[in-house]
Amino acid sequence: MRSSQGMSAGELLRQANQLKRSGKLEEAIALYHQVIDINPHFAWAYHGLGDAWAKQGNLDEAVAWYSECLKIHPDSAWLYYSFGEALAQLGDLEAAVKYLQKAVEVKPDFHKFRTSLKQVEAQFIQKKYNQFTVNKYLAPLTVVELGQGWAGNTINTVIFRHHGIITSTNYQFSAYYDSNKTLRVVKRNLDNGLITYHRISGEYNLQDAHNSISLGVDSEGYIHICYDHHVHSLRYRRSQQPWSIDEWTDVLSMTGNNEENVTYPTFLSDPVDNSLIFLYRDGHSSKGQACLKKYDVATKLWEDYPFPILSGYEQKPWTSNPYWNHPVFDATGKLHLSYVWRTHPIGRDKRVNNIGIDYAYSPDQGRAWFTIKGLTLDLPITQVNSETVWAVPTGSNLINQTSMATNSKGYPHIVFYANDENDIPQYQHLWFDGCQWQHSVISKRTQKFDLLGGGTLQIPMSRPEIVIDKQDCVHVIYRSDLTEHKMAVLTLFPEDYHFSEAVEKILWNEPLGFAEPIIDRLRWQKDATLSMLIQYNHQPQHDQGVSFAESPVYIMDWCLNIS
């Protein structure tokens, strides 16, 4: 079709573009409208209108025309770029980043697009930082008091509970000890807030904080529970009905193999197919191995993996034990594992000797394992062939059993504490950037202490937890002398995660004694809600002289969204 002057849509578009480039914007806008009248599907006319309105400073009108263009031509890198630039000028930086990322995806080698994206991302991070620093206290969205629980030590809040609180569909489950004769299981309906309870009676050794409770949920909704282990025979039950806590099996074995000296029961769920995997230690603190079993929902039977994945059993003359941090599946189903090795205690004061931060990943639910660069690791992995990704010297107060997470690219981030150059234990952040491992000290403690002796220690800082949001902001969760023993979160911003720019917020404005963070990992994956089990706990040194005490147990929810 042609206009009343006999010009085609293409000819009018070329004339409109020339007028736009020469600054005659009103005339250009009029011609773009004529093009659309002739051909309502001419995407470049809509794009040109958006550009002309943007040049006039009417960004709302520009965004409206870019949106119309996107309906016709959803694959244009230049349109994504123009749209992103206009949104950035309007102050909608989050949306701007999204569209500029799409421009880079379509034309990854175009320097102008990558430069714009980097600049807007930096503005977005700064905006989030400014917003997030306003208040020191981040109030919980929800506080649910569950009742009184055992608080004579940290058995209900030791960090290695995996899971201490867990979400499946619209239900959240947790468990804690009421007393040495009662284990209480909790079910929370996340839709209506209804809380129900069930008590499992027994004889529980609460004098040892290692004897904590771990939960898992299989793909059919059956709840699995392990409890009261520290170099003890397996104590394992399963719910009789899906997503129900009202009826449980008697104590079961899994396979019967390597189940006499169990510690640190850990249930893992593959996000790709919801397979349930069980990781645990067989052995003790200086002679142990990490074993895996996999559950078959069809037969309701467990299967042993043919080899331990980590082992210090056969080393001579000194044996050792691997202590793993919280394992994590990334979105693709790759299983990431970081860990330290512990040898015998050092010296007369029995200094705890955890060595190095090691790492491996598995693409097939733990059957084959590789280094960060994809080199095959023979099983079992030992101190001889294990990949140490961050060296920590002997006797440096390196703590075992902390945590890790993966970012949007599947790269691992690990948090832990160990001595700084002044021999003061500090929180530390270790992460892989796609090329190499990066490291940062993320606290400024001034008081020394040493990890000495056996049992659970009375330590002025909890082990740290970590979650990573969709913008790859890292949130480190802890309780320490720096926070007056209140639970806190430290947010580190990408891409460099500088501690100098980090923001610390108090999560619960009450001291929690020696409690450690217990988080719902699957709830975080589901809807980015930080949901935690919170309780004040005592902790006698070396678990000696544990006496009865109780305190309220809570589930609390927070929103860490800082966009």
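Note that the structure is predicted; figures quoted are calculated from it, not measured.

A. Layout of a nonpolar patch on the surface. On the surface, a cluster of nonpolar side chains totalling about 300 Å² of accessible area is made up of Trp 44, Trp 78 and Phe 110. Within the secondary structure, Trp 78 is located in helix 5 (residues 77-90).

B. Spotlight on the sheet that holds strand 30 (residues 529-535). Strand order in this open sheet of four strands is 1-31-30-29, and the pairing throughout is antiparallel. The strands lining the two open edges of the sheet, one partner per strand, are strand 1 (142-150) and strand 29 (518-519). Bridge analysis of strand 30 against strand 31 (residues 550-559) gives seven bridges, and the strand direction is antiparallel. Following the sheet pairing, Leu 530 is matched in strand 31 by Trp 558.

C. Layout of the environment of Leu 310. Topologically, Leu 310 is positioned in strand 13 (residues 310-311). As a C-alpha pair, Leu 310 and Ala 515 span 205 residues in sequence and 29 Å in three-dimensional space. Excluding anything up to four places from it in sequence, Leu 310 contacts Gln 289, Ala 290, Pro 322, Leu 337, Tyr 339, Trp 341, Pro 380 and Ile 381.

D. Inspection of helix 2 (residues 25-38) at higher detail. Taking 1.5 Å per residue, 14 residues should reach 20 Å; helix 2 reaches 20 Å between its end C-alpha atoms and fits that length. Those residues of helix 2 that fall on the buried side of the exposure criterion are Leu 25, Ala 28, Ile 29, Leu 31, Tyr 32, Val 35, Ile 36 and Ile 38.

E. Region of the structure containing the state of the cysteines. In total, this model carries zero disulfides according to the counting rule given. Cysteine Cys 291 shares no disulfide, and the gap to the nearest cysteine sulfur, in Cys 226, comes to 14 Å.

F. Just the pattern of salt bridges, in detail. Across all of its chains, the model carries 18 salt bridges by this definition. Asp 557 is the partner of Arg 188 in a salt bridge, and the nearest nitrogen-oxygen pair spans 2.6 Å. With a gap of 369 residues between them, Arg 188 in strand 4 (residues 182-189) and Asp 557 in strand 31 connect regions that are remote in the sequence. Here Arg 445 makes a salt bridge to Asp 481, at a shortest N to O gap of 2.8 Å. Here Asp 481 lies in the loop between strand 26 (474-479) and strand 27 (487-492) and Arg 445 lies in the loop between strand 24 (437-441) and strand 25 (465-468), a separation of 36 residues in the sequence. On the basis of relative accessible area, Arg 445 is assigned to the buried category, the value being 4%. By relative accessible area, Asp 481 is classed as partly exposed at 28%.

G. How the structure looks around the packing of aromatic side chains. The tally for this structure, following the rule as stated, stands at 31 aromatic pairs. Summarising the aromatic geometry, the rings of Tyr 236 and Trp 302 are spaced 6.0 Å apart at their centres and angled 80° between planes, so their arrangement reads as edge-to-face. With Tyr 236 in strand 8 (residues 236-238) and Trp 302 in strand 12 (residues 301-304), this residue pair connects regions lying 66 residues apart in the sequence. Exposure remark for Tyr 236: the relative accessible area of 0% places this residue in the buried category. Taking the relative accessible area as the measure of exposure, Trp 302 reaches 8% and is therefore buried. Clustering of aromatic rings is evident, with ring pairs tying together Tyr 236, Phe 267, Phe 278, Tyr 280, Tyr 295 and Trp 302.

H. Seen up close, helix 4 (residues 59-72). Relative to the 20 Å expected for 14 residues at 1.5 Å per residue, helix 4 spans 20 Å between its end C-alpha atoms, a close match to the ideal helical length. Those residues of helix 4 that fall on the buried side of the exposure criterion are Leu 59, Ala 62, Val 63, Trp 65, Tyr 66, Cys 69 and Leu 70. What you see down the axis of helix 4 is that its buried residues fit within an arc of 165°, all on one side. Every exposed residue of helix 4 that faces more than 90 degrees away from the buried side is listed here: Asp 60 and Lys 71. Looking at the buried residues of helix 4, the elements they touch are helix 2, helix 3 (43-56), helix 5 and helix 6 (93-106).

I. Seen up close, the packing of helix 5 against helix 6. Closest axis-to-axis distance for the helix 5/helix 6 pair is 8 Å, and the angle between their directions is 160°. As judged from the angle between their axes, helix 5 and helix 6 are roughly antiparallel. Every pair of crossing elements has a handedness; the one defined by helix 5 and helix 6 is left-handed. Residues Ala 77, Tyr 80, Tyr 81, Phe 83, Gly 84, Glu 85, Leu 87 and Ala 88 of helix 5 pack against Leu 93, Ala 95, Ala 96, Tyr 99, Leu 100, Lys 102, Ala 103 and Val 106 of helix 6.

Rules and cut-offs
Residues numbered from 1 in each chain as written. Predicted model: local features only at pLDDT ≥ 70, side-chain atom pairs only at ≥ 80, totals over all residues. Heavy atoms only, no water. Patch = residues over 30% accessible without salt bridge, like charges linked within 9 Å, V, L, I, M, F, W, Y side chains within 5 Å. Areas by Shrake-Rupley, 256 points an atom, 1.4 Å probe, with all protein chains shown as cover. Salt bridge = Lys/Arg side-chain N within 4 Å of Asp/Glu carboxyl O. Helix = DSSP H or I, 4+ residues; strand = E, 2+ residues; numbered from the N terminus. Pairing = 2+ DSSP bridges. Contact = heavy atoms within 4.5 Å. Expected span 1.5 Å × (residues − 1). Buried < 20%, exposed > 50% of the residue type's maximum accessible area, 1.4 Å probe, protein only. Disulfide = S-S within 2.5 Å. Phe/Tyr/Trp six-rings, centres within 6.5 Å; stacked < 30°, edge-to-face > 60°. Arc of directions from axis to C-beta. Axes fitted to C-alpha atoms, helices over the stretch in contact; angles between N-to-C directions. Parallel < 35°, antiparallel > 145°, perpendicular 65-115°, else oblique. Left-handed = near helix turned anticlockwise from the far one by under 90°.

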